[in-house]
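# Structure at a glance
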Amino acid sequence: MNILSIDISNFLIINSASLELHNRGLVRVSGENNDDTTSSSNGSGKSSVFEAVYWCLFGDTLRSLKSADSVVNRNVGSDCSVVLSMEDAGRVYRVERYRKHSSNKNNLYLYINDVDSRGQNNKETQEFIEEIIGIDKTAFAASIVFGQGYSKNLRRFSELTDKEQKECLERILELEAFSKSHDVVRDALKQFKHERANLESECSRIEHSIDTLKTELLDAKQENKEFKKSIDALLVDIVASQVAVSEEIADIDERLLTIGSPDIVGLSEQIENCQTLKTEVLDAIEKLNTGYSERRNKILVIKNGTQKDISNLQTKLDKLSDGSDEGEDCLYCGQVILESKVKLRADGLDFEIADRQRTVDQLAEKLVSLDKKFKKKRAKLEDTNEVVDAALDDARDQLGLAKQEWLRETHLKELRESKQELFDKYATQYSEVENRTNPWKKVISSKKKKLAALQTELETAQSALTTLDDTEKYYSFWDTGFSRKGIRSYMLDKVIPFLNERANKYLSILTDGGIRVRFDTRKATSTGEIRESFNVSVTNLKASDTYEGNSGGEKRRIDLAISLAINDLISNRSGKKFNILLLDEVFENIDETGTYYVIKVLEELARNKSSVFVITHHDSLASYFNETIKLSRNDGLSQIH
């Protein structure tokens, strides 16, 4: 699976970025935070590039965010999107994920060879994407991304519980089928238990039914004797009831002839149309009022400002005209104030006052014209509103009368229908009684047949109980086989040597053979008992034999070796070999010697991967990389250089 490129918009701190991810070699990712000189490269958005890849594929982040909308750049507040292009086996995939986007909302899109291949919803599309890439977000974060371990989604493998480590490897090995099979078997065993209870209950029920049926058979023979006496009495009562109902039906038919056919639908549509028109008229009045107020206020603001300017200019003119300053030195330029200069300045002020007064007069004329047009349009709309109100009232009155007629007609039709049903019931009843043969003969025959059937049913249920016992033993065997102690444990045992070999291969480079790890599916208890439990042990020839006892730099190298081993496992076992690695601050807490060994591993990785991206703020390491990608943050937004 080759991840080709990524396009980012308004995601976290990144404003806009496009980046080719394939065939880049060993790439250094650095940063510059111009918003906070004390932060150096921190906060520049370096990790956000990796976050964008993870979020686009899985809809989650590698850091702990308060809400799904937290991925949107807070300075922009909307239109967050990440588009990721991939290629596998001749197919080109494009994944597009959006958040608070003006056009695409919060949707997820999948295109295969530019063909829209989305599911019915975002959840189904997400399932398609994970099926295509072959791993889930936990396995991706544990193998493709090596980060700083600061959230639930980016915990290093050593930070996972034994159970979580085992589940992660099971997902990589695609053992979900066995887990699902185990669930199927356990559900089947529950169902067998339920079926057993049902069969036992069924046997008891059948035995009780046999006893009851024998009693009913005796009663039916007695009823057979009483049957004939009741037939004649029933026929007389039915005929009398039919005559009474027939007279009621005739009366209802005469009353229905006096009722017309009200057009309720047409009147309802007329009212709806009137209400729609009234809403449009009221909206138009409101829009007219708003527009009028805005334009009038705008003119008044200009007019009042101009009048104020006239007043200020007049004050200046009056002061020049009294001649009190003539012969004195100017406070601003220091020259003597002369009468000729005063007159020249006064003429200028007169011109400005006259010019502004013309503006005031023009604005006054605009106000008069605006008021006239507004009143004319408003009067026209109000007249229309009155006409609509009158039509609406008339239609409502007609609809009320029509509904009364409709209710009366409906009531009579329902009443007639019920009477007709009663009449038909009497007719059917009469025919049934008249043609009835002695039913108790059939009842007696039927009960004898049921008695024989129940005897057979009881024998079948008892035989099913025996068969169920045999089937339950078969499923009990597979309950163990599909459990974690069965096939899944066997499959994990098969890949443990591979993980040990790969992890220790990388550790031999990273630590010069001083540290080794061992994956194991069994763990010895304090009493010496061996139990099924996933375990990763650490051996340090020069320090602690526990992961926790090693230094921060040693832990980081152990974690890197494990992550790379799991990445190799994915490539070799799942059939999904990814072309990139994303490594965040792999040199953190590592001394100069450790840095040298990490560089050796990175060079090894770059020979086997098309692109290895490494986030580091160590500028001194730049010469070891094919190229450097730099993110620069300015005014809360980062971009790639």
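Coordinates for the structure precede this section.
A brief report on the enclosed structure follows.

Calculation notes
- Residues numbered from 1 in each chain as written.
- Predicted model: local features only at pLDDT ≥ 70, side-chain atom pairs only at ≥ 80, totals over all residues.
- Heavy atoms only, no water.
- Helix = DSSP H or I, 4+ residues; strand = E, 2+ residues; numbered from the N terminus.
- Rg over C-alpha atoms; globule rule 2.2 N^0.38 Å.
- Buried < 20%, exposed > 50% of the residue type's maximum accessible area, 1.4 Å probe, protein only.
- Contact = heavy atoms within 4.5 Å.
- Areas by Shrake-Rupley, 256 points an atom, 1.4 Å probe, with all protein chains shown as cover.
- Lys, Arg positive; Asp, Glu negative; His and termini not counted.
- Charge placed at Lys NZ, Arg CZ, Asp CG, Glu CD.
- Patch = residues over 30% accessible without salt bridge, like charges linked within 9 Å, V, L, I, M, F, W, Y side chains within 5 Å.
- Salt bridge = Lys/Arg side-chain N within 4 Å of Asp/Glu carboxyl O.
- Expected span 1.5 Å × (residues − 1).
- Phe/Tyr/Trp six-rings, centres within 6.5 Å; stacked < 30°, edge-to-face > 60°.
- Lys NZ or Arg CZ within 6 Å of the ring centre and 35° of its normal.
- Pairing = 2+ DSSP bridges.
- Axes fitted to C-alpha atoms, helices over the stretch in contact; angles between N-to-C directions.
- Parallel < 35°, antiparallel > 145°, perpendicular 65-115°, else oblique.
- Nonpolar A, V, L, I, M, F, W, Y, C, P; charged D, E, K, R; others polar.
- Core = buried A, V, L, I, M, F, W, Y, C linked by side-chain atoms within 4.5 Å.

## Description of the overall build of the chain
Secondary structure summary: the chain contains 11 helices and 14 strands in total. Computed over the C-alpha atoms, the radius of gyration of the chain is 45 Å, more than 25% above the 26 Å expected from 2.2 N^0.38 for a compact globule of 641 residues. Seen along its three principal axes, the alpha-carbon backbone of the chain occupies a region of about 150 × 100 × 45 Å. Counting every position in the chain, which comprises 641 residues, the buried fraction comes to 39%. Long-range pairs, those at least 24 residues apart, make up 71% of the contacts in the chain with a sequence separation of at least 6. Of the roughly 36,500 Å² of accessible surface on the chain, 49% is carried by carbon and sulfur atoms. Across the chain, the mean location of the 93 positive side-chain charges is 3 Å away from that of the 108 negative side-chain charges.

## Description of a positive patch on the surface
A cluster of basic residues, Arg295, Lys298, Lys366, Lys373 and Lys377, forms a positive patch at the surface. Counting residues per element, the ones that place at least two in the positive patch are α6 (264-321) and α7 (339-434). Counting residues per element, the positive patch draws most heavily on α7, at 3 residues. Inspection of the secondary structure puts lysine 366 in helix α7.

## A word on helix α8 (residues 439-481)
With 43 residues, α8 should reach 63 Å at 1.5 Å per residue; the first-to-last C-alpha distance of 60 Å fits that figure. Ile444, Lys447, Leu451, Leu454, Leu458, Ala461, Leu465, Leu468 and Gly481 are the residues of α8 that are buried.

## Thoughts on the packing of aromatic side chains
The tally for this structure, following the rule as stated, stands at 12 aromatic pairs. Between phenylalanine 192 and tyrosine 475, the aromatic rings sit 4.9 Å apart at their centres with planes inclined by 80°, giving edge-to-face as the arrangement. Taken together, the residues phenylalanine 192 in helix α5 (residues 176-256) and tyrosine 475 in helix α8 connect sequence positions 283 residues apart. Between phenylalanine 477 and tryptophan 478, the ring centres sit 5.1 Å apart and the planes meet at 80°, which makes this aromatic pair edge-to-face. Joined through ring pairs, the aromatic side chains of Tyr54, Phe58, Phe140 and Phe578 make up one cluster. Note that arginine 94 overlies the ring of tyrosine 111, its terminal NZ or CZ placed 4.2 Å from the centroid. In this structure, arginine 97 is placed above the aromatic ring of tryptophan 55, and the distance from its NZ or CZ to the ring centre is 6.0 Å.

## Re the sheet that holds strand β14 (residues 637-640)
The strand order across the open sheet built from 12 strands is β7-β6-β5-β4-β1-β2-β14-β13-β3-β12-β11-β8, with neighbouring strands paired in mixed fashion. Looking at which strands have only one partner, the edges of the open sheet turn out to be β7 (115-116) and β8 (145-146). Sheet topology note: the strand β3 (residues 25-33)/strand β13 (residues 627-634) ladder contains 7 bridges and is parallel. Of the residues in β13, the one forming a bridge with arginine 28 is threonine 628. The strands that helix α11 (residues 592-608) touches are β3, β11 (580-584) and β12 (611-615); relative to β12, the one it contacts most, it runs at about 150°.

## Looking at a negative patch on the surface
A cluster of acidic side chains, namely Glu414, Glu417, Glu421 and Asp424, defines a negative patch on the protein surface. On the secondary structure map, glutamate 414 appears in helix α7. Glutamate 414 sits in the partly exposed class, given a relative accessible area of 49%.

## With respect to the pattern of salt bridges
Taken as a whole, this structure holds 31 salt bridges when the rule is applied. Where aspartate 619 meets arginine 28, a salt bridge forms, and the shortest distance between an N and an O atom there is 2.3 Å. Of this pair, aspartate 619 sits in the loop between β12 and β13 while arginine 28 sits in strand β3, and the two are 591 residues apart along the sequence. With a relative accessible area of 57%, aspartate 619 lands in the exposed category. By relative accessible area, which is 5% here, arginine 28 ends up buried. Across the salt bridge formed by glutamate 96 and arginine 94, the nearest N and O atoms sit 2.8 Å from each other. With relative accessibility at 11%, the residue glutamate 96 sits in the buried group. Salt bridges linked by common partners bring Arg94, Glu96 and Asp114 together as one network.

## As for the packing of helix α4 (residues 162-172) against helix α9 (residues 487-510)
Relative orientation and spacing of two packed helices are given, respectively, by the angle between their axes and the distance between those axes. Taken N-terminus to C-terminus, the directions of α4 and α9 make an angle of 90°; their axes are 11 Å apart at the nearest point. In terms of orientation, α4 lies roughly perpendicular with respect to α9. Along its contact with α4, which presents Lys166, Leu169 and Glu170, the element α9 presents Arg488, Leu492 and Leu499. Here the residues of the contact of α4 with α9 are counted per class, giving 3 nonpolar, no polar and 3 charged.

## Examining the packing of α9 against α11
For the pair α9 and α11, interaxial distance at closest approach is 7 Å and the crossing angle is 130°. As summarised for this structure, α9 and α11 are arranged oblique, according to the angle between their axes. Packed against α9, whose contacting residues are Lys505, Tyr506, Ile509 and Leu510, the element α11 presents Tyr597, Val598, Lys600, Val601, Glu604 and Leu605 at the interface.

## Thoughts on the nonpolar core
For soluble globular proteins, the rule of thumb is that nonpolar side chains tend to be buried together. Ranked by internal contacts, the top residues of the largest apolar core, which has 99 residues, are Phe140, Leu583 and Leu602. The element that contributes the greatest number of residues to this core is α9, accounting for 10 residues.

## Observations regarding the pairing of strand β5 (residues 91-99)
Bridge count between strand β4 (residues 80-88) and β5: 9 bridges; the pairing is antiparallel. Considered in β5, the bridge of methionine 86 is made with tyrosine 93. Between β4 and β5, which pair antiparallel and follow one another directly, the connecting turn spans 2 residues, one of which, alanine 89, has a positive phi of 55°. Alignment of β5 against strand β6 (residues 108-112), held across 5 bridges, turns out to be antiparallel. Looking across to β6, one finds that arginine 97 is bridged to leucine 108.

## Here we look at the environment of glutamate 432
Structurally, glutamate 432 is set in helix α7. On a C-alpha basis, the gap between glutamate 432 and serine 563 in space is 84 Å, while along the polypeptide they are 131 residues apart.

## What about unusual backbone geometry?
Positive phi values are uncommon outside glycine, yet asparagine 23 reaches one of about 60°. Summarising the element assignment, asparagine 23 is placed in the loop between β2 (14-20) and β3. Positive phi, normally seen in glycine, also occurs at alanine 89, with a value near 55°. Examined against the element boundaries, alanine 89 turns out to sit in the loop between β4 and β5. A residue is classified by how much of its surface remains accessible, and alanine 89, at 75% relative accessible area, is exposed.

From the geometry alone we can't say anything about function, so treat these as descriptive.
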